[in-house]
Every structure is written in C-alpha cells, then in structure tokens.
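# Reading the structure
Below, each chain spelled out in residue letters.
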Amino acid sequence: MAMTQDELKQEVARAALAYVVEGEIVGVGTGSTANFFIDALATMKDRIRGTVASSEATAARLRAHGIAVFDLNDIESMPVYVDGADEITAQGAMIKGGGAALTREKIVASVAKKFVCIADGSKLVGQLGRFPLPIEVIPMGHAVVARKLAALGGTPRLRMKDGAPLLTDNGCMIIDLLDLQIEDPAMLEQQINDIVGVVTNGLFARKGADVCLLGTAEGVRTLRFG
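All of the points below concern the structure found in this document. Nothing here was measured: the structure is a model prediction, and the numbers come from that model. (Residues numbered from 1 in each chain as written. Predicted model: local features only at pLDDT ≥ 70, side-chain atom pairs only at ≥ 80, totals over all residues. Heavy atoms only, no water.)

## Let's talk about the pairing of strand β2 (residues 50-53)
Alternating positions in β2 separate into two faces, Gly50 and Val52 on one and Thr51 and Ala53 on the other, with burial throughout. In this structure, strand β1 (residues 25-28) lies alongside β2, joined through four bridges in parallel fashion. Residue pairing in the sheet places Val28 in a bridge with Ala53 of β2. A crossover connection joins β1 to the parallel β2 through helix α2 (residues 32-41); in handedness this β-α-β unit is right-handed. (Buried < 20%, exposed > 50% of the residue type's maximum accessible area, 1.4 Å probe, protein only. Helix = DSSP H or I, 4+ residues; strand = E, 2+ residues; numbered from the N terminus. Pairing = 2+ DSSP bridges. Right-handed = clockwise from strand over helix to strand, strands pointing away.)

## Brief notes about the environment of Ile38
The residue Ile38 is located in helix α2 in this model. Given the relative accessible area of 0%, Ile38 is considered buried. With 27 residues separating them along the chain, Ile38 and His65 place their C-alpha atoms 8.3 Å apart. Not counting the four nearest positions on each side in its chain, Ile38 is found in contact with Val28, Thr58, Arg61, Leu62, His65 and Ile67. (Contact = heavy atoms within 4.5 Å.)

## Focus: the environment of Pro134
Relative to the elements of secondary structure, Pro134 occurs in strand β7 (residues 133-137). Using a relative accessible area of 0% as the deciding quantity, one classes Pro134 as buried. When residues no more than four places from it in sequence are discounted, the contact partners of Pro134 are Ile95, Lys96, Gly97, Gly98, Leu102, Arg159, Ile174, Ile175, Asp176, Asn201 and Gly202.

## Some points on the sheet that holds strand β6 (residues 112-120)
With respect to topology, six strands assemble into an open sheet ordered β2-β1-β3-β6-β14-β15, the strand pairing being mixed. Either end of the sheet is taken by a strand with one partner, and the two such strands are β2 and β15 (219-224). On average, each strand axis in the sheet is tilted by 25° relative to the strand beside it, whichever way the strands run. Taken together, the six bridges between strand β14 (residues 211-216) and β15 define a ladder with antiparallel strand orientation. Within β15, the residue paired with Thr216 across the bridge is Gly219. In the packing of helix α3 (residues 56-64) onto the sheet, contacts are made with β1 and β2, and the angle to β2 comes to roughly 160°. (Axes fitted to C-alpha atoms, helices over the stretch in contact; angles between N-to-C directions.)

## Some details on the packing of aromatic side chains
As enumerated under the stated definition, the model contains two aromatic pairs in all. With 5.1 Å between their ring centres and 85° between their planes, Tyr81 and Phe115 make a pair best called edge-to-face. Placement of the pair is Tyr81 in strand β3 (residues 78-83) and Phe115 in strand β6, with a sequence separation of 34 residues. The exposure class assigned to Phe115 is buried, which follows from its relative accessible area of 1%. Arranged with centres 6.3 Å apart and planes meeting at 80°, the rings of Phe115 and Phe204 form a pair that is edge-to-face. Residue Phe115 is found in strand β6, and its partner Phe204 is found in strand β13 (residues 203-204); the two are separated by 89 residues along the sequence. The exposure class of Phe204 is buried, given its relative accessible area of 2%. Chaining the aromatic ring pairs together yields one cluster made of Tyr81, Phe115 and Phe204. (Phe/Tyr/Trp six-rings, centres within 6.5 Å; stacked < 30°, edge-to-face > 60°.)

## Remarks on the sheet that holds β13
Taken together, the three strands give an open sheet; going across it, the order is β4-β5-β13, and neighbouring strands pair in antiparallel fashion. In the strand order of this sheet, the two ends are held by β4 (87-88) and β13, each with one partner. Where β4 lies against strand β5 (residues 94-95), two bridges are found, and the strand directions are antiparallel. Bridging across to β5, Glu87 finds its partner in Ile95.

## Quick word on the packing of helix α1 (residues 5-15) against α2
Each pair of packed helices gets described by two things: the angle between the helix axes and the distance between those axes. α2 packs onto α1 with a crossing angle of 50° between their chain directions and a minimal axis gap of 8 Å. Relative to α2, the element α1 lies oblique. Both α1 and α2 take part in a crossing whose hand is right-handed. Taken together, the residues of α2 that come into contact with α1 (itself represented by Asp6, Lys9, Gln10, Val12, Ala13 and Arg14) are Ser32, Thr33, Phe36, Phe37 and Ala40. (Parallel < 35°, antiparallel > 145°, perpendicular 65-115°, else oblique. Left-handed = near helix turned anticlockwise from the far one by under 90°.)

## A word on the side chain of Lys96
Secondary-structure assignment places Lys96 in the loop between β5 and α4 (102-111). Looking at Lys96, the relative accessible area reads 2%, which means it is buried. Side chain to side chain, Lys96 and Asp83 meet in a polar contact 2.7 Å long. Here Lys96 is in contact with Asp83, Gly84, Ala85, Asp86, Leu102, Glu105, Phe115, Pro134, Gly202 and Phe204, once residues within four sequence places are set aside. (Polar contact = N/O pair within 3.5 Å; in protein donor to acceptor, adjacent residues only side chain to side chain.)

Geometric descriptors of this kind do not, in isolation, establish any biological role.
In structure tokens form, the structure reads like this:
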C-alpha cells in the first residue's frame, strides 16, 4: 500500500533527528513538514538546549510540546536548521514561503552551520518556478513592486486571506509571482532582492540546502549538496 504524503513527511521528519546535535540549539522552520519535525523533536526535547523558531506559529507549537524557544538575537550560532521546501532542485536551490515565513526562515537559516531540508519526493523538480515564488514586500510599496516583478516576466498576485491582504509576522504583505521558469535561481534571487520595497524573496539559492531528506516510496533518500 502506497504511503500518503503526510506519512512521507513524517518519515523524513523522524530521519532529520539524526542531524540534531544534543545539548545545542535547533533552528526550526515553518509549514506542514516542519510541524511533523517539531512533533518528532518532542521525543528528545530533554536532550537539546532549546530551539529558535522561524515563525510565531512554529514557536507556539514548540512551546505546546514543552520545548524552549529562544530569541535569535541571543544566539550566535547553531549547528542545524531544519525546514521544508515548496520546491527543491538537485543542486539544493529551493523555493520556500508557502507558509509566508520566508524572511524569518532565511534569517534563522543564515545563522545555522547546516541547512537540512525535509520534503516528500514530489518537491524535487528539474527547474524551479511551477510553484509561485513568494516575495515579502513593504505594504506601502506593493503596487510598485508588483509592476517591477511583472517586468521580469512573471504574473504577480497579492496573497489574500479572508478577503484582505495576508500580513506576515513582520507586518508585511506577500506577492506570489506565477508563470516563472527560473533558469538561474541565484541571479533571480539577487535581482528581486534589489527591487526597492522587497524585504526578501522565497528563492533560497545563493545559500541553499546542505542536505535534503526526501520521502519516497522506497524510503528516505538523502541528497547532499556542495
């Protein structure tokens, strides 16, 4: 009987525990796969110092399990950051931000020595861009940013929730850029970040994953990059 997508996510979440360094801080991402990792991490919570969360939702789930959550400003470094991806290539470049936490994810990942991506096998793609690229923007500039994004060849769409623009934990908006075929992820990441009004975008290519644990019907497949 084939495993469900959630079962594949649970499998890679458990496998990621092997990368947790006992007695240290663990960076934790946001989203459905990261939530399974949080649940798995709870089984060894007494063997870690605590965590840094990439979103308020992640922090709440960690605390609900009795896992300590630290402010990133109080942490100089951490061995590992564990998070999912909306898409990932065989070179370790990713699109992230389906859960609207891309900026905080990128900040926490920048402090970690190793980024471990956990994903089900469907997230591995030959080319990024089928999943809409999230871009976090300053609210007063969302229209001008959208025009400049359209000039890059994509179709910008303001992300909505309950009839109003979705606001991130940072009080910003998300523009999802559709209809992209991303041939050079690192270059596009820089190009979009250079647009005034952009906080950051969901391309994790200039600093992508170090390891990806992919859930497949044959078991967990490990991809290493760099």
